[in-house]
Amino acid sequence: MSRILQVKQVFPNNNWKGDFIEERLNVSLNELSAENAEINKITYITNARSGEITTAIVEYYKEVE
């Protein structure tokens, strides 16, 4: 078995703003944890004007056969 680096982009739901990206990110992290993925890095993308987090990018390692 070997590990490969994968990327998952997390968006808030269409009508959600602000802290709701954190809720979506937590759901995604829980899903990855259930798959035994090893989180490498989380990058937040923000709106330049408002500073609001618009997207999160999760880099993780996953075992493949």
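Residue positions within a chain follow its written sequence, with the count starting from 1. Local features are withheld for residues below a pLDDT of 70 in this predicted model, meaning they are given only at 70 or higher, and side-chain atom pairs are given and counted only at 80 or more; totals for whole chains, interfaces and linings count all residues. The side-chain numbers reported here are obtained from all heavy atoms of the structure, hydrogens and water having been left aside.

## A few points about the overall build of the protein
A run of DSSP states H or I qualifies as a helix once it reaches four residues; a run of E qualifies as a strand once it reaches two. Both are numbered from the N-terminal end. The helix and strand inventory of the protein stands at one helix and three strands. What you see in the protein, going N to C, is helices and strands ordered as β-α-β-β. Working definition: with a 1.4 Å probe on protein chains only, accessible area under 20% of the residue-type maximum means buried, over 50% means exposed, and in between means partly exposed. Split into buried and exposed, the 65 residues of the protein put 17% on the buried side. Restricting the contact set of the protein to residue pairs at least 6 apart, pairs at least 24 apart contribute 52%. As displayed, the protein offers around 4,800 Å² of accessible surface, 45% of which is attributable to carbon and sulfur atoms. Here, two residues are considered to be in contact whenever any of their heavy atoms come within 4.5 Å of each other. Here the open area of atoms and residues is found with the Shrake-Rupley method and a 1.4 Å probe, where only the protein chains shown may cover a residue.

## Considerations on unusual backbone geometry
Positive phi values are uncommon outside glycine, yet N36 reaches one of about 60°. Along the chain, N36 turns up in the loop between α1 (20-34) and β2 (38-46). On the basis of relative accessibility, which here comes to 68%, the residue N36 falls in the exposed class.

## Comments concerning the packing of aromatic side chains
Paired rings are identified among Phe, Tyr and Trp, the last through its six-membered ring, by centres lying within 6.5 Å, and are further divided according to the angle between planes into stacked (under 30 degrees), edge-to-face (over 60) and tilted (the rest). Inspection of every chain in the model, using the stated rule, returns zero aromatic pairs. We call a charge positioned over a ring when the NZ of a Lys or the CZ of an Arg lies within 6 Å of the ring centre and within 35 degrees of the ring normal. Over the ring of Y61 we find R3; its NZ or CZ atom is 4.2 Å from the centre of that ring.

## Here's the deal with the sheet that holds β2
Being paired, for any two strands, means DSSP has found at least two bridges between them. Spatially, the three strands line up as an open sheet ordered β1-β3-β2, and their pairing is antiparallel. Because the sheet does not close on itself, it has two edges, and the strands there are β1 (2-10) and β2. Each strand of the sheet is rotated relative to its neighbour by a mean of 20°, with strand direction disregarded. Pairing analysis gives nine bridges linking β1 to strand β3 (residues 53-64), with the strands arranged antiparallel. Residue pairing in the sheet places V10 in a bridge with A56 of β3. Every axis corresponds to a line fitted to the C-alpha atoms, with the helix fit spanning only the stretch in contact, and the corresponding angles, defined between N-to-C directions, vary from 0 to 180 degrees.

## Topic: the side chain of E59
With respect to the helices and strands, the residue E59 is situated in strand β3. For E59, the contacting residues outside a window of four places in its chain are L5, Q6, V7, E38, I39, N40 and K41.

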